Amino acid sequence: MRPELTLPTGHASSPTDRRLNALLRHLSSSSSSSSSAMDTNNSISPSPTSAFQHDSVFSHVVQAPEDPILGVTVAYNKDPSPVKLNLGVGAYRTEEGKPLVLNVVRKAEQQLVNDRARVKEYLPIIGLAEFNKLSAKLIFGADSPAIQENRVTTVQCLSGTGSLRVGAEFLAKHYHQRTIYVPLPTWGNHPKVFTLAGLSVKTYRYYDPATRGLNFQGLLEDLGSAPAGAIVLLHACAHNPTGVDPTLQQWEQIRQLMRSKKLLPFFDSAYQGFASGSLDADAQSVRMFVADGGECLAAQSYAKNMGLYGERVGALSIVCKTADVAGKVESQLKLVIRPMYSNPPIHGASIVAAILRDRNLYSEWTIELKAMADRIISMRHQLCDALRARGTPGDWSHIIKQIGMFTFTGLNSKQVTFMTKEYHIYMTSDGRISMAGLSSKTVPHLADAIHAAVTRVV
Ligand code: PGU
């Protein structure tokens, strides 16, 4: 039995209410004339005060907290202050504080638009073949023997996150060890992605708060005592959130230890080119592990280095011992992808392929990339100088020493809350700030806020 749809009596006096009641009468008469299946399945909730509201099958659902990183932007957007500053999400901004679409991306998009032969058909399950080939070349190097020997399978995925997820699901299904070790700390989404994919997450020591540098001894000890075969997540460069990377010598020691213990490296490469400004230099860690002939996984993102955040374009590569194994692995990756999202989007991958295939566009990209990396480095110097000029207590040299998009300031969550409340500066509660969100104009405001936080909040 359907209750009659009207607004509560005594409220139907205004013209608006009368119109609403007429509409409700119309809706209830048209639905009662339809089939009985419609009637039971598509009942209309007449008003928010209806008794139906209390019968929701979802009424037990509790409000979830905002994401620790993306939620910072949500809070920032709600703040009406003209001086507000978003240093939460790792997204590049210009000196004017605006998001940047690279010139070379605009050019590639123009080419795509002008090409009338282009269609919007589905891509294959593993994505755009040319994109995959060029992505592997970008991370492993043009002369990589693994590529030449066809031992690498590369599949286009939904940016870095999607690549990690597909790789993790493949490992959970087909690899004998389901434990993955992630650095402490790491990008907040890593544990969630890996756990939901079916892996069990453990941590290895990485950052030393006392030195604000690498806890190399702790890292070696923890990886040394990991069970044989365990998977190890490594940030290829520009470690997030700490901005602390091993030196090449340290990478070499990590490689030797991992190979001797048969630990499986899973590289997350979300910042190639952003750490040093050089695409090759930032891929050194990965290339070291591939050069020894061993196996590994690599998740690549074009969100930062091409500024293609919202295009969701990335790649997962699995380097295998033989071409035969690589072919079989690829066939299984397709079974992971197909029920997840069927096949990836075409536009972003076409932009990347257009840039990577063309010598001129490629070289233009490297110049724009270097300019972004340099601007971030210059922000590091400006912020450090501004704090020194204010006599802010503490040693701030880590701002310059750390690399990539972020500075792990060492500010505690109380100080972060204070800076947000009093200075409208938004950042993650672990004290990480995105240097890419800063500009010469906003450095003084941030330095004032840090100075006040350090001197007034313990
Ligand atoms: N891996 C690491 C180490 C990252 O820092 C990020 C992005 C990703 C993967 C995923 O990037 P995709 O956009 O999926 O390619 N981290 C940024 C962006 C915001 C977020 O948390 O997704 C950050 O601010 O930490």
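Going by the structure above, here's the rest.
Only a predicted model underlies this, so the values are computations on that prediction, with no experimental measurement involved.

Peer 1: Can you explain the overall build of the protein chain? Please cite residues and give values.
Peer 2: Helix and strand counts for the protein chain come out as 17 helices and 13 strands. When burial is assessed residue by residue, the protein chain has 50% of its 458 residues classed as buried. Sequence separation of at least 24 residues holds for 75% of the intrachain contacts in the protein chain that already meet a minimum separation of 6. Counting every atom, the protein chain has about 21900 Å² of accessible surface; 56% of that belongs to carbon and sulfur.

Peer 1: Run through the packing of aromatic side chains, naming residues and quoting values.
Peer 2: Enumeration according to the criterion identifies twelve aromatic pairs in this entry. Their ring planes at 45° and their centres at 6.1 Å tell us that W251 and F267 sit as a pair that is tilted. With W251 in helix α10 (residues 248–260) and F267 in strand β8 (residues 264–269), this residue pair connects regions lying 16 residues apart in the sequence. When its relative accessible area of 5% is taken as the criterion, W251 is described as buried. Ring geometry for F267 against F289: centres 5.2 Å apart, planes inclined by 75°, an arrangement best described as edge-to-face. A residue pair is termed long-range when its members are at least 10 positions apart, and F267 in strand β8 and F289 in helix α11 (residues 284–291) qualify at 22 residues. Given the relative accessible area of 0%, F267 is considered buried. Judged by its relative accessible area of 0%, F289 is buried. The ring of F406 carries the charged tip of R432 above its face, separated from the ring centre by 3.7 Å.

Peer 1: Outline the site of the ligand, listing residues and values.
Peer 2: Every one of the 18 residues lining the ligand counts as a neighbour, but S159, T161, N240, D268 and S301 are closest to it. Here T161 contributes a side-chain N or O atom positioned 2.5 Å from an oxygen atom of the ligand. Between the ligand and S301 there is a distance of 2.6 Å, counted from an oxygen atom to a side-chain nitrogen or oxygen. Coverage of the ligand by the protein amounts to 92% of the 530 Å² it exposes when considered alone. Of the pockets mapped on this structure, the ligand occupies the largest pocket. Split into classes, the residues belonging to the shell around the ligand amount to eight nonpolar, six polar and four charged. The residue makeup of the shell around the ligand includes at least three contributed by each of domain 1 (70–100 + 374–456) and domain 2 (122–357).

Peer 1: Describe the nonpolar core, naming the residues involved and giving the relevant values.
Peer 2: As a rule of thumb, nonpolar side chains are buried together in soluble globular proteins. Core analysis: the biggest nonpolar cluster contains 63 residues, and W365, L383 and M419 have the highest contact counts within it. Residues from two domains meet in this core; each of domain 1 (70–100 + 374–456) and domain 2 (122–357) gives at least three.

Peer 1: An account of the pairing of strand β2 (residues 152–158) is needed here, citing residue identities and associated values.
Peer 2: With six of seven residues buried, β2 is to be regarded as a mostly interior element. Across seven bridges, β2 lies against strand β10 (residues 313–319) in antiparallel orientation. The partner of L158 across the bridge, within β10, is V313.

Peer 1: Could you give me a rundown of the pattern of salt bridges, with the residues and numbers involved?
Peer 2: A complete count under the given rule lists 14 salt bridges for this structure. Linking D292 and R259 is a salt bridge whose minimum nitrogen-to-oxygen distance equals 2.8 Å. Residue D292 is found in the loop between α11 and β9 (296–301), and its partner R259 is found in helix α10; the two are separated by 33 residues along the sequence. Exposure remark for D292: the relative accessible area of 31% places this residue in the partly exposed category. In this structure R259 comes out as partly exposed when scored by relative accessible area, which is 22%.

Peer 1: Explain the pairing of β10 to me, using residue names and the numbers behind them.
Peer 2: Within β10, seven of the seven residues are buried, which leaves the element mostly enclosed by the surrounding structure. Where β9 and β10 come together, six bridges link them in antiparallel fashion. Looking across to β10, one finds that A299 is bridged to L316.

Peer 1: Tell me about the packing of helix α7 (residues 159–174) against helix α8 (residues 189–197), residues and numbers included.
Peer 2: Between α7 and α8, whose axes approach to 8 Å, the crossing angle comes to 35°. As for the relative orientation of α7 and α8, their crossing is right-handed in sense. Facing α7, whose interface residues are T161, L164, R165, A168, E169 and A172, α8 presents N189, H190, V193, F194, L196 and A197. Residue classes in the contact of α7 with α8 are distributed as seven nonpolar, three polar and two charged.

Peer 1: Please provide a residue-by-residue account of α8, values included.
Peer 2: For α8, the full list of buried residues reads H190, V193, F194 and A197. The buried residues of α8 occupy an angular sector of 90° when projected down its axis, which confines them to one face. Tucked into the core, α8 has its buried residues touching α7, β3 (179–184), β4 (200–205), β7 (231–235) and β8. Positioned one or two residues after α8, G198 has a phi angle of 105°, which is positive.

Peer 1: Tell me about the side chain of T392, and please be specific about residues and values.
Peer 2: Looking at where T392 falls in the secondary structure, it is placed in the loop between α14 (359–390) and α15 (398–401). Judged by its relative accessible area of 6%, T392 is buried. Polar contacts involving the side chain of T392 include one to the side chain of H451, which spans 2.7 Å. Those residues in contact with T392, other than ones at most four positions away along the chain, are L387, H451 and V454.

Peer 1: Got a sec to walk through the layout of surface pockets? Specific residues and values, please.
Peer 2: When its volume is computed, the largest pocket comes out at roughly 790 Å³. The wall of the largest pocket is formed by 41 residues, among which G90, A303, K304, Y309 and R312 lie closest to the centre. Only α4 (103–114), α7 and α8 provide two or more residues apiece to the lining of the largest pocket. Among the elements that line the lining of the largest pocket, the one with the most residues is α7, at four residues. Per-class residue counts for the lining of the largest pocket are 20 nonpolar, twelve polar and nine charged. When residues are assigned to domains, the lining of the largest pocket turns out to be shared by domain 1 (70–100 + 374–456) and domain 2 (122–357), each giving three or more. In this structure, the second largest pocket is lined by 18 residues; those nearest its centre are K133, I147, N150, V152 and T154. Counting residues per element, the lining of the second largest pocket draws most heavily on helix α5 (residues 129–140), which supplies six residues. Partitioning the lining of the second largest pocket into residue classes produces nine nonpolar, five polar and four charged.

How each quantity is defined
Going along each chain's sequence as written, the residues are numbered from 1 onward. Only residues with pLDDT of 70 or above have their local features reported here, since the model is predicted, and side-chain atom pairs are shown and tallied only from 80 upward, although totals for entire chains, interfaces and linings are computed over all residues. Each side-chain value is derived from all of the structure's non-hydrogen atoms; neither hydrogens nor water enter the calculation. Helix numbering and strand numbering both begin at the N terminus, where a helix is a DSSP run of H or I of at least 4 residues and a strand a DSSP run of E of at least 2. Relative accessibility under 20% of the residue-type maximum defines a buried residue, over 50% an exposed one, and the middle range a partly exposed one, all with a 1.4 Å probe and only protein chains included. The contact rule is simple, with two residues in contact once any of their heavy atoms fall within 4.5 Å. Computed with a 1.4 Å probe, the accessible areas rest on the Shrake-Rupley method; for each residue, only the protein chains presented here act as cover. In summary, the pairing rule links any two rings of Phe, Tyr or Trp, Trp by its six-membered ring, whose centres are within 6.5 Å, and it sorts them by plane angle into stacked for under 30 degrees, edge-to-face for over 60 and tilted for everything else. Counting as a charge over the ring demands two things of the Lys NZ or Arg CZ atom: a distance within 6 Å of the ring centre and an angle within 35 degrees of the ring normal. Residue proximity to a molecule or strand is established when one non-hydrogen atom of the residue lies within 4 Å of it. For the purposes of these results, a polar contact is taken to be a pair of N or O atoms within 3.5 Å, where, inside protein, one atom must be able to donate a hydrogen and its partner to accept one; residues adjacent in sequence count only when each atom of the pair is a side-chain atom. Only protein atoms enter the 1 Å grid used here, on which a cavity is any set of points holding a 1.4 Å probe that cannot leave and a pocket is any open set flanked by protein within 12 Å on both sides along at least five of seven lines; residues with an atom within 4 Å of a point are listed as lining. If over half the atoms of a molecule are within 2 Å of the grid points of a cavity or pocket, the molecule is regarded as sitting in it. The nonpolar class holds Ala, Val, Leu, Ile, Met, Phe, Trp, Tyr, Cys and Pro. Asp, Glu, Lys and Arg form the charged class, and all remaining residues, Gly among them, are polar. Domains are outlined according to an automatic or database domain assignment. Here, nonpolar core means buried Ala, Val, Leu, Ile, Met, Phe, Trp, Tyr and Cys residues that are tied together by side-chain atoms lying within 4.5 Å of each other. When DSSP finds two or more bridges between a pair of strands, those strands are recorded as paired. Just to be clear on terms, a salt bridge is a Lys or Arg side-chain nitrogen sitting within 4 Å of an Asp or Glu carboxyl oxygen. The convention used is that axes are lines fitted to C-alpha atoms, helices contributing only their stretch in contact, and that angles between N-to-C directions extend from 0 to 180 degrees. It is the rotation of the near helix from the far one that decides the hand of a crossing: anticlockwise by less than a right angle makes it left-handed, clockwise makes it right-handed. Picture the helix axis, draw a direction to every C-beta atom, and the arc is the one those directions span. Grid points are joined across faces, edges and corners, and a volume is the space filled by probe spheres set on the points.

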